[in-house]
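Report on the structure
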Amino acid sequence: MDLVSAVEGKYLKEKKVDFKPGDTIKVHVRIKEGDKERIQIFEGAVIQKRGKGVSQTFTVRKLSSGVGVERVFPMHSPFLANIEVIKKGKVKRAKLFYLRKMRGKAAKIKEMEKEEGKKEGEVKE
Amino acid sequence: MEGIIGRKAGMTQIFGKEGEFIPVTVIEAGPCPIAQVKTAQKEGYNALQLAFGQKRKTLFNKPSIGHFEKAKIEPKRFLREFRTDKPDKQLEPGKEIKVDLFTVGEKVDVTGVSKGLGFQGVVRRHKFRGGPKTHGQSDRLRAPGSIGSSSFPSRTFKGQRMAGRMGNERVTVLNLEVVGVDLEKNMLLVRGAVPGKKNAILLVKKSKRR
C-alpha cells in the first residue's frame with residue numbers, strides 16, 4: 001500500500017476546508033475556455049460527502065430557476081480554486097437526499113446556532 | 001519484445017488534465033537483473049530470463065544459488081522469461097532492466113494470474129442470463145438451460161459451458177496506457193485494472209498490437 005499512498009499523496013490538497021452535509025457553501029471552480037481561465041461559483045447546500053483520500057467527493061444541491069441542480073465535486077480536484085462556508089446547517093443525518101422531495105419552506109435547512117457550533121468545535125479538538 | 005516483472009501494489013485514482021478521475025493500477029516494477037540470455041543456437045529460442053523479488057537467503061537451494069552466481073547477481077525470488085526476436089548484444093547477464101523501459105503514453109500488455117473465485121454458477125462464470133423469475137417458474141432463476149439436443153446426438157458436446165471453478169488462470173490485458181513512470185521508486189502507473197490481487201506478480205510487456 002505504500003506505493004499507492006505515495007501516488008495519492010501527490011494529488012492531495014494540504015489545505016482542508018471544514019464543512020459538513022447541511023452547510024451552505026460557495027464552490028469556486030476553475031473553468032478553462034481555450035487559453036483563458038475563469039472562476040465560476042456554484043453555491044448551494046452540501047447534501048453528501050463520500051469516499052476518502054483522493055477519491056473523496058461531495059455533492060452540492062441548489063435550485064436554479066425552480067429546477068434542482070446537483071453537482072458532484074472531487075474534494076481534491078485541481079480545478080477547485082476555493083470553498084467558502086457561508087452557513088452552518090443543523091441537520092440530523094449524513095446524507096440529505098430527502099431534500100430532493102422537498103419544496104419551498106420544507107427544503108430549508110435550519111441554521112446552526114452559534115453556541116452549538118462552538119461546542120462542536122471543542123469536541124473535535 | 002521487451003518487458004519487466006512487477007508486483008501489483010493496488011489501485012487508486014489520479015486527476016487528469018481536464019480534472020477528471022483516471023483509474024490507475026500502481027505496479028512496483030523491477031529492477032530486474034538479467035539472469036540468463038537464451039539464444040537460438042544454445043537453447044533453441046531467443047529469450048531473456050529476468051529475476052525479481054526478495055526471499056530469505058536460507059530458502060534458496062544450492063542449484064538455484066549457482067544459477068544466480070553464474071550471472072553474478074543477488075538471488076531473487078522469481079525468474080521469468082521474455083521472448084525476444086533476436087539476441088541483443090548489449091543485454092547480458094547481470095544487467096538490470098528498470099521501469100525507464102516504458103514512457104508515459106505508451107501502451108503495454110500486462111499478464112498475471114486472475115483472482116481465484118472458486119466454484120461459480122453459469123450466470124457469473126459465463127454471463128448466462130438465467131431463467132425467468134415469474135410466470136410459474138421455480139428454481140430456474142440462475143439455471144443454465146438446455147445443454148444439448150435429444151436422441152441425436154445423445155450426448156453433451158465437449159466445451160459446453162457449465163458451472164465450475166472460475167479465475168486463478170493466466171490472463172493478459174492488452175493495450176493499457178502508461179500514465180506514470182517513476183524510476184526512483186521503481187513505480188509504474190497503468191490506466192485501468194490488471195489481473196490478480198494485491199502483491200500478485202505481473203509481467204509487463206510493450207504492447208504487441210499498436
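The notes below deal with the structure included here. The model shown is predicted, which means the values in this text are computed figures rather than measured ones.

Structural notes on the overall build of chain A
Of regular secondary structure, chain A possesses 2 helices and 5 strands. Carbon and sulfur atoms make up 50% of the accessible area of chain A, which amounts to about 8,700 Å² in all.

Some points on a positive patch on the surface
Residues and elements named next belong to chain A. Taken together, the side chains of K90, K92, R93 and K110 present a region of like positive charge at the surface. Looking at the secondary structure, you find K90 in the loop between strand 5 (80-87) and helix 2 (114-124). Judged by its relative accessible area of 39%, K90 falls in the partly exposed class.

Points about the pairing of strand 1 (residues 3-15) of chain B
Look at any regular strand and the pattern is simple: side chains alternate between the two faces of the sheet. Residue and element names in this part refer to chain B. Extensive coverage of strand 1 is indicated by the burial of 10 of its 13 residues. Note that strand 1 and strand 2 (residues 21-29) share 9 bridges and pair antiparallel. Note that in strand 2 the partner of F15 across the bridge is F21. In sequence, strand 1 turns back onto strand 2 through a hairpin of 5 residues, with G19 there showing a positive phi of about 85 degrees.

Here's the deal with the interface of chain A and chain B
The partner chain B presents 17 residues to the 16 residues of chain A that form the contact. Of all residues in chain A, L3, V7 and Y11 of chain A give up the largest surface area on contact with chain B, accounting jointly for 38% of the area buried on that side. On the surface where chain A and chain B come into contact, there are 0 salt bridges. Considering every element that reaches the side of chain A that touches chain B, the biggest residue donor is helix 1 (residues 2-9) of chain A, with 5 residues. Classifying every residue of the side of chain A that touches chain B gives 10 nonpolar, 4 polar and 2 charged.

A word on the pattern of salt bridges
Residues and elements named next belong to chain A. Enumeration over the complete set of coordinates arrives at 11 salt bridges over all chains. The salt bridge partner of K88 is D23, with a shortest N-O separation of 3.4 Å. Separated by 65 residues along the polypeptide, K88 in the loop between strand 5 and helix 2 and D23 in the loop between helix 1 and strand 1 (24-33) bring together distant segments of the chain. When its relative accessible area of 32% is taken as the criterion, K88 is described as partly exposed. Among the salt bridges present, the one from R100 reaches E70, with a minimum N-O distance of 2.7 Å.

Let's talk about helix 1 of chain A
Three or more residues of helix 1 of chain A are buried, namely L3, V4 and V7 of chain A. Here the buried residues of helix 1 of chain A occupy an arc of 105 degrees about the axis, which is enough to place them on one side. Of the surrounding elements, those touching the buried residues of helix 1 of chain A are strand 1, strand 2 and strand 11 (187-191) of chain B.

With respect to the sheet that holds strand 5 (residues 78-83) of chain B
Residue and element names in this part refer to chain B. Across the sheet, 4 strands lie side by side as 5-4-3-6; this open sheet has antiparallel pairing. Each of the sheet's edge strands pairs with one partner strand only, and the pair in question is strand 5 and strand 6 (96-97). With respect to the sheet, helix 1 (residues 62-71) is in contact with strand 3 (32-38), strand 4 (47-52) and strand 5, its orientation differing from that of strand 3 by roughly 90 degrees.

Remarks on the environment of V60 of chain A
Along the polypeptide, V60 of chain A turns up in strand 3 (residues 57-64). The contact partners of V60 of chain A, leaving out residues within four places of it in the chain, are I25, V27, F42, E43, G44, A45, V46, V69, E70, R71 and F73 of chain A.

A look at the packing of aromatic side chains
Under the criterion given, the structure shown has 6 aromatic pairs over all chains. Here F58 of chain A and F73 of chain A contribute two aromatic rings whose centre-to-centre distance is 5.5 Å and whose plane-to-plane angle is 35 degrees, an arrangement assigned as tilted. Here F73 of chain A lies in strand 4 (residues 67-74) and F58 of chain A lies in strand 3, a separation of 15 residues in the sequence. Since its relative accessible area comes to 0%, F58 of chain A is described here as buried. Residue F73 of chain A is classed as buried on the basis of its relative accessible area of 3%. Arranged with centres 5.9 Å apart and planes meeting at 85 degrees, the rings of F60 of chain B and F68 of chain B form a pair that is edge-to-face. An identical accessibility class is assigned to F60 of chain B and F68 of chain B; each is buried. Above the ring of F42 of chain A, the side-chain terminus of R71 of chain A is found at 5.8 Å from the ring centroid. One cation-aromatic arrangement involves K55 of chain B over F60 of chain B; the distance from NZ or CZ to the ring centre is 4.7 Å.

Analysis parameters
- In this numbering scheme, every chain counts its residues from 1 along its sequence in written order.
- All chains are assigned letters beginning at A, and all ligands numbers beginning at 1, according to the order in which they are written.
- Whole-chain, interface and lining totals are the exception, using all residues; otherwise, since this is a predicted model, local features are given only for residues with pLDDT of at least 70 and side-chain atom pairs are given and counted only at 80 or more.
- Derived side-chain values reflect all non-hydrogen atoms in the structure, with water molecules and hydrogen atoms excluded from consideration.
- We count a stretch as a helix when DSSP gives it H or I for four or more residues in a row; a strand needs E for two or more, and each element gets its number in order from the N terminus.
- In these tables, accessible area is a Shrake-Rupley quantity obtained with a 1.4 Å probe, and a residue counts as shielded only by the protein chains included in the view.
- The patches described consist of residues with a relative accessible area above 30% and no salt bridge, like charges being joined within 9 Å and nonpolar side chains (Val, Leu, Ile, Met, Phe, Trp, Tyr) within 5 Å.
- By salt bridge we mean one thing: a side-chain nitrogen of Lys or Arg within 4 Å of a carboxyl oxygen of Asp or Glu.
- Residues counted as positive are Lys and Arg, residues counted as negative are Asp and Glu, and His and the chain ends are not counted.
- For charged residues, the charge sits on one atom: NZ in Lys, CZ in Arg, CG in Asp, CD in Glu.
- Only protein chains enter the calculation, and the probe is 1.4 Å; a residue is then buried if its accessible area is under 20% of its type maximum, exposed if over 50%, and partly exposed in between.
- By this definition, two strands are paired if DSSP reports at least two bridges between them.
- The contact criterion used is simple: two residues touch if any of their non-hydrogen atoms lie within 4.5 Å.
- The term buried area denotes the loss of accessible surface (1.4 Å probe radius) that occurs when two parts are joined, taken as the sum for both partners.
- For this scheme, ten residues count as nonpolar: Ala, Val, Leu, Ile, Met, Phe, Trp, Tyr, Cys and Pro. Four count as charged, namely Asp, Glu, Lys and Arg, and the remainder, Gly too, count as polar.
- Directions from the helix axis toward the C-beta atoms define the arc.
- Only the stretch in contact is used when fitting a helix axis, every axis being a line fitted to C-alpha atoms; angles between N-to-C directions are given from 0 to 180 degrees.
- Stacked, edge-to-face and tilted are the three classes for Phe, Tyr and Trp ring pairs, Trp counted by its six-membered ring, which pair at centre distances within 6.5 Å; planes under 30 degrees apart are stacked, over 60 edge-to-face, the rest tilted.
- A positively charged side chain is recorded as over a ring if its NZ (Lys) or CZ (Arg) lies within 6 Å of the ring centre. The angle to the ring normal must also be within 35 degrees.

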